[in-house]
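Below are the chains, spelled out letter by letter.
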Protein chains: 2
Amino acid sequence: MPDRINVGIIGFGVVGGGTYETLTRNAERIAARVGAEVRVARVADVDWAREREITCPPELRTTDAAAMVVDPEIHIVVETIGGIDPARELISQAIQAGKSVVTSNKELIAKHGHELLALAEEKGVDVQFEGSVGGVIPVIRSLKESLEADRITEVMGIVNGTTNYILTRMTTEGLDFAQALTAAQELGYAEADPTNDVEGIDAKYKIAILAAIAFGLHVPLEEIYTEGITRVTAQDIAYAKKMGYAIKLLAIARQGEGNCIEARVHPVMLRKTHPLANVNGPFNAIFVRGDGCDEVMLYGRGAGARPTGVAVAGDVLDCARNLHKGLPGRVLCTCHDQARVLPMADITTKSYVRMRVKDRPGVLGSIATIFGTEGVSIASVHQEDTDGELAEIVWVTHRTPEASLRSALGAIGNLAIVDGIPGMLRVED
Amino acid sequence: MPDRINVGIIGFGVVGGGTYETLTRNAERIAARVGAEVRVARVADVDWAREREITCPPELRTTDAAAMVVDPEIHIVVETIGGIDPARELISQAIQAGKSVVTSNKELIAKHGHELLALAEEKGVDVQFEGSVGGVIPVIRSLKESLEADRITEVMGIVNGTTNYILTRMTTEGLDFAQALTAAQELGYAEADPTNDVEGIDAKYKIAILAAIAFGLHVPLEEIYTEGITRVTAQDIAYAKKMGYAIKLLAIARQGEGNCIEARVHPVMLRKTHPLANVNGPFNAIFVRGDGCDEVMLYGRGAGARPTGVAVAGDVLDCARNLHKGLPGRVLCTCHDQARVLPMADITTKSYVRMRVKDRPGVLGSIATIFGTEGVSIASVHQEDTDGELAEIVWVTHRTPEASLRSALGAIGNLAIVDGIPGMLRVED
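On a predicted model such as this, the values are computed, not experimentally measured, just so you know. (Residues numbered from 1 in each chain as written. Chains lettered and ligands numbered in written order. Predicted model: local features only at pLDDT ≥ 70, side-chain atom pairs only at ≥ 80, totals over all residues.)

**A look at the overall build of chain A**
When helices and strands are tallied, chain A shows 14 helices and 20 strands. Here the C-alpha atoms of chain A give a radius of gyration of 24 Å, agreeing with the 22 Å that 2.2 N^0.38 yields for 429 residues. For chain A, the spread of C-alpha atoms along the three principal axes comes to 80 × 45 × 35 Å. Counting only residues that meet the buried cut, chain A has 54% of its 429 residues in that class. Of the contacts formed within chain A by residues at least 6 apart in sequence, a portion of 76% connects residues at least 24 apart. (Helix = DSSP H or I, 4+ residues; strand = E, 2+ residues; numbered from the N terminus. Rg over C-alpha atoms; globule rule 2.2 N^0.38 Å. Buried ≥ 20, exposed ≤ 12 C-beta atoms within 10 Å, placed from the backbone. Contact = placed C-beta atoms within 7 Å.)

In structure tokens:
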């Protein structure tokens with residue numbers, strides 16, 4: 001039961017720096033709360049020459065993370081480097097060495113969380129990862145503990161700040177995707193290579209983690225349908241606004257029968273009255289529905305040094321308190337079974353479809369007939385002349401299996417009178 | 001380390017019933033998560049003849065709560081009766097008898113929480129009270145644990161569903177207070193005697209609890225300025241809408257220097273872009289600001305059997321897990337020092353003032369001169385003719401100490417040209 005808890009941080013980037021800064025700035029108050037001094041004793045990074053906004057004293061610096069994770073002087077290992085290698089091995093060694101671990105590594109937890117948590121449970125140590133989803137938003141602890149007594153049926157979130165920032169700029173200023181992406185990059189909200197964010201990969205990791213905790217099942221990543229925002233256009237956003245919707249990149253997980261769940265990431269036309277529809281800019285929010293809780297939403301900054309640093313440091317305090325009191329770790333979210341993710345073709349949603357057609361008599365009838373043949377029922381249709389030659393038709397369907405819609409759109413796309421189907425978005429009311 | 005955790009519930013009203021129902025409905029999943037069966041073994045209520053929506057088997061029923069809290073067969077006592085007597089004594093005895101306690105009693109925690117938590121710490125038992133503020137919203141655990149590493153500077157909440165429902169109806173339908181109150185009573189959102197809700201007393205208890213956890217200080221209730229919504233009129237709401245604001249009953253706590261804090265409950269004109277401004281109907285939300293977390297908001301149902309039952313049952317699981325593993329209680333929020341609450345006169349806010357004046361030349365000048373003399377700087381002024389005789393003037397001030405504004409309004413109210421000052425609201429941007 002040490003009176004001084006030594007923390008070793010792997011990776012001194014945005015999150016590592018934010019964690020160091022949070023623990024250092026609030027050291028006195030933290031010591032009073034935990035009953036022991038919690039201090040950053042070592043920071044490992046491969047490159048100490050790089051310029052940083054947050055710095056740490058030279059005597060804490062090391063380049064040897066592998067030595068740090070087995071050092072008997074270090075009680076808690078904080079991993080913030082991201083990616084699988086070498087994070088997986090380093091964390092695994094830290095757990096084996098009996099250390100508590102805190103990580104903000106969503107890819108690692110999404111892919112290997114179930115193994116690492118099982119190992120942690122076996123070794124009786126803490127492995128915490130609040131910072132891996134939604135930055136400072138306390139969603140993991142809330143699902144794991146506060147809402148634990150409820151049966152959660154749905155988790156739906158804006159979990160990627162970059163794409164939400166881009167969509168917000170597109171919505172408020174009428175920018176197209178490329179312009180909004182450039183603006184986001186200039187402000188540091190998007191990386192030089194934005195693929196992970198704009199293609200929905202980052203959101204996929206996060207919904208896998210949330211679904212695993214909410215439903216107690218390991219979710220195979222390759223089964224999560226993932227579509228980014230690169231095909232969302234200024235026109236679709238304008239139509240959405242007109243119809244009382246916002247376009248958001250949502251990560252969605254829903255409980256089905258037995259071990260069957262829905263898990264998917266794609267842009268959604270979301271009714272403006274939905275609590276998530278007003279979450280703008282770089283903010284994140286996670287909306288939870290359960291049998292008993294009805295609707296709960298948690299909102300905050302999903303990224304950034306200080307907000308994510310607060311989440312990681314909160315986990316560090318939890319570990320530190322257990323260590324100081326000589327208590328075992330509390331994992332609370334090991335998943336033994338694997339989820340079966342419903343194929344996208346079997347998902348039933350309302351949909352928005354925007355198509356460009358030749359401006360001729362009978363066109364609407366031909367298309368409507370195909371929708372009817374495929375069992376796609378239409379909730380609303382709106383036609384606008386765009387120029388002399390072409391007209392734009394916007395359809396909103398009733399709830400339809402994705403397979404039927406795809407089949408109808410395939411047939412419609414083959415019609416000579418159809419110039420193209422540039423817009424297709426699922427609708428959530 | 002019992003394999004079957006016996007829960008005794010005191011009070012079988014809305015919250016007690018919801019807790020019973022949650023624990024019973026999800027018993028199997030809960031047992032799997034905790035590693036032990038968690039079952040409601042006894043329910044104490046003074047009146048078993050009363051009709052209820054949720055019922056429990058006759059063999060669980062007792063009228064002797066005092067015997068239940070010391071019964072060695074009972075491991076966790078859940079108190080849902082509310083009020084000070086006999087709840088305080090029953091909980092105190094349960095803690096003395098080494099039992100874990102879960103309560104949803106905001107008045108008790110606001111008034112005596114610091115004593116009960118100190119006793120719990122001494123006895124090494126859990127005392128949990130997530131259900132006392134914001135129903136199912138996981139705000140207490142989030143402040144106590146997830147955001148623990150941050151310095152929280154502000155907690156601001158819509159923590160009373162009755163008043164939020166009334167204000168929402170007034171806003172969407174132009175109803176006056178009395179009509180909206182009647183509607184709320186008919187739908188069961190307001191009690192026959194609505195005083196505790198509409199006068200802000202319920203919200204005062206809740207902000208005292210939130211401030212205590214956020215700032216680590218016991219907050220004397222009598223120092224919390226408390227003003228309800230009975231004087232909010234349809235006219236004020238119409239003006240607010242026109243100016244881009246919503247009127248909400250907010251409970252506000254802000255960190256000051258040392259042990260000095262702001263803590264107050266009153267209606268506020270809140271800028272529509274604020275995350276709390278779109279929280280409508282019976283929903284609650286708590287907005288937290290901190291040095292590191294920036295803005296966090298938690299949203300959900302603040303009342304009702306099932307939502308509050310989920311929060312209380314979540315606390316029960318936490319206690320049950322500790323008991324099953326033979327671990328001591330984790331109180332984490334004892335307050336040893338007392339807050340000094342800034343007197344309302346010293347609070348500085350923007351304000352909205354609506355007054356009715358004789359429609360004559362020079363009136364605006366006379367009033368503006370008094371504002372100027374008292375150091376109240378005006379941000380905007382808007383005059384409207386109401387009838388031939390009287391005009392209505394709406395002022396919005398810059399940030400001003402409440403004392404200066406009160407002094408100015410006193411002098412202005414004494415002018416012969418002033419017919420009355422029916423509207424005064426603080427403004428939050």
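**Quick look at the domain arrangement of chain A**
Interfaces are often sized by the accessible area lost when the parts come together. All names here are of chain A. Assigned domains of chain A: these are domain 1 (4–136 + 305–340), domain 2 (155–301) and domain 3 (344–428). At the interface, 15 residues of domain 2 touch 11 residues of domain 3. Looking at the side of domain 2 that touches domain 3, the elements that each hand over two or more residues are helix H11 (234–242) and strand S11 (260–271). (Domains from an automatic or database assignment.)

**Here we look at helix H10 (residues 201–215) of chain B**
Residue and element names in this part refer to chain B. End to end, H10 covers 21 Å across 15 residues, agreeing with the expected 21 Å (1.5 Å per residue, within 8%). Burial of H10 is extensive: 14 of the 15 residues sit out of reach of the surface. Taken from the residues just after H10, Gly216 is the one with a positive phi, measuring 70°. (Expected span 1.5 Å × (residues − 1).)

**Some details on the relation of the copies chain B and chain A**
At an RMSD of 0.0 Å, chain B and chain A line up after a rotation of 180° and a shift of 0.0 Å along the axis. Expressed as an axis order, the relation between the two copies is that of a two-fold axis. Within chain B, Leu298 of chain B has its C-alpha nearest the rotation axis, a separation of 2.3 Å. Same-surface contact between copies: 100% of interface residues of chain B are shared with the interface of chain A. (Least-squares fit on C-alpha atoms with pLDDT ≥ 70 in both.)

**Regarding the interface of chain B and chain A**
Between chain B and chain A, the residue contacts involve 42 residues of the former and 42 residues of the latter. Breaking the side of chain B that touches chain A down by element, the ones donating at least two residues are helix H1 (14–25), helix H2 (27–34), helix H6 (139–146), strand S13 (294–301) and helix H12 (305–325) of chain B. A total of 9 residues in the side of chain B that touches chain A trace back to one element, the largest contributor, which is H12 of chain B. Residue classes in the side of chain B that touches chain A are distributed as 19 nonpolar, 10 polar and 13 charged. (Nonpolar A, V, L, I, M, F, W, Y, C, P; charged D, E, K, R; others polar.)

**A closer look at the pairing of strand S11 (residues 260–271) of chain B**
All names here are of chain B. For S11, a buried count of 10 out of 12 residues is recorded, marking the element as mostly surrounded by other parts of the structure. Count of turn residues in the strand S10 (residues 245–255)/S11 antiparallel hairpin: 4 residues, of which Gly258 carries a positive phi of about 55°. Here 2 bridges tie S11 to strand S15 (residues 340–341), and the two strands are oriented parallel to one another. Paired with Ile261 across the bridge in S15 is Val341. Bridging between S11 and strand S20 (residues 418–428) involves 3 bridges; their strand directions are parallel. The residue of S20 that forms the bridge with Leu270 is Glu428. (Pairing = 2+ DSSP bridges.)

**Digging into the sheet that holds strand S4 (residues 76–79) of chain A**
Residues and elements named next belong to chain A. Read across the sheet, 6 strands follow the order S3-S2-S1-S4-S5-S6 without closing on themselves; strand pairing throughout is parallel. Lying at the two open borders of the sheet, with one neighbouring strand each, are strand S3 (61–62) and strand S6 (127–128). In the sheet, strand S1 (residues 4–10) pairs with strand S2 (residues 37–44) via 7 bridges, with the strands oriented parallel. What sits directly across from Ile5, in S2, is Val38.

**Quick look at the environment of Ala66 of chain B**
All names here are of chain B. Mapped onto the secondary structure, Ala66 falls in helix H3 (residues 65–68). Residue Ala66 is classed as partly exposed on the basis of its 14 C-beta neighbours within 10 Å. Remark: the alpha-carbon pair of Ala66 and Val310, spanning 244 residues in sequence, is separated by 25 Å.

**As for the environment of Val312 of chain B**
Tracing the backbone shows Val312 of chain B in helix H12. Considered as a pair, Val312 of chain B and His274 of chain B are 38 residues apart in the sequence and their alpha carbons are 30 Å apart.

**Some remarks on the confidence of the model for chain A**
Per-residue pLDDT for chain A has a mean of 96; in total, 100% of the residues score no lower than 70. Confidence metrics for the complex model read pTM 0.97 and ipTM 0.96. (pLDDT = per-residue confidence, 0-100.)

**Side note on the nonpolar core**
Core analysis: the biggest nonpolar cluster contains 282 residues, and Ala211 of chain A together with Ala211 of chain B have the highest contact counts within it. Setting aside anything within four residues of it in sequence, one finds Ala211 of chain B in contact with Val155, Val219, Ala253, Ile261, Ala263 and Ala339 of chain B. (Core = buried A, V, L, I, M, F, W, Y, C linked by C-beta atoms within 7 Å.)

**Description of the sheet that holds strand S5 (residues 100–103) of chain B**
All names here are of chain B. Taking strand neighbours across the sheet as the criterion, the 6 strands line up as S3-S2-S1-S4-S5-S6 in an open arrangement whose pairing is parallel. The sheet is open, and its two borders are formed by strand S3 (61–62) and strand S6 (127–128), each paired with just one other strand. Note that strand S2 (residues 37–44) and S3 share 2 bridges and pair parallel. Paired with Ala44 across the two strands is Thr62, which belongs to S3.

**Digging into unusual backbone geometry**
Residue and element names in this part refer to chain A. Backbone torsion omega between Asp85 and Pro86 reads 5°, so that peptide bond is classified as cis. With respect to the element layout, Pro86 can be found in the loop between S4 and helix H4 (87–96). Here Leu332, not a glycine, exhibits a phi torsion of approximately 65°, which is positive. Assignment of secondary structure puts Leu332 in the loop between helix H12 (305–324) and strand S14 (337–338).

**A word on the packing of H1 of chain B against H12 of chain B**
Residue and element names in this part refer to chain B. As a packed pair, H1 and H12 sit with axes 7 Å apart at the nearest point and diverge in direction by 65°. Here the hand of the crossing between H1 and H12 comes out right-handed. Where H1 abuts H12, its residues Val14, Val15, Gly17, Gly18, Thr19, Glu21, Thr22 and Leu23 lie against Ala305, Arg306, Thr308, Gly309, Val310, Val312, Ala313 and Val316. Looking at the contact of H1 with H12 residue by residue, the class counts come to 8 nonpolar, 6 polar and 2 charged. (Axes fitted to C-alpha atoms, helices over the stretch in contact; angles between N-to-C directions. Left-handed = near helix turned anticlockwise from the far one by under 90°.)

**Overview of the packing of helix H6 (residues 139–146) of chain A against helix H10 (residues 201–215) of chain A**
Residue and element names in this part refer to chain A. Where H6 contacts H10, the two axes come as close as 9 Å, and the packing angle between them is 15°. In this view, H6 runs roughly parallel relative to H10, as classed from their interaxial angle. Crossing geometry of H6 relative to H10 is assigned as left-handed. Contacts between H6 and H10 involve Val139, Ile140, Leu143 and Lys144 on the former and, on the latter, Leu210, Ile213 and Ala214. The class makeup of the residues in the contact of H6 with H10 is 6 nonpolar, no polar and 1 charged. (Parallel < 35°, antiparallel > 145°, perpendicular 65-115°, else oblique.)

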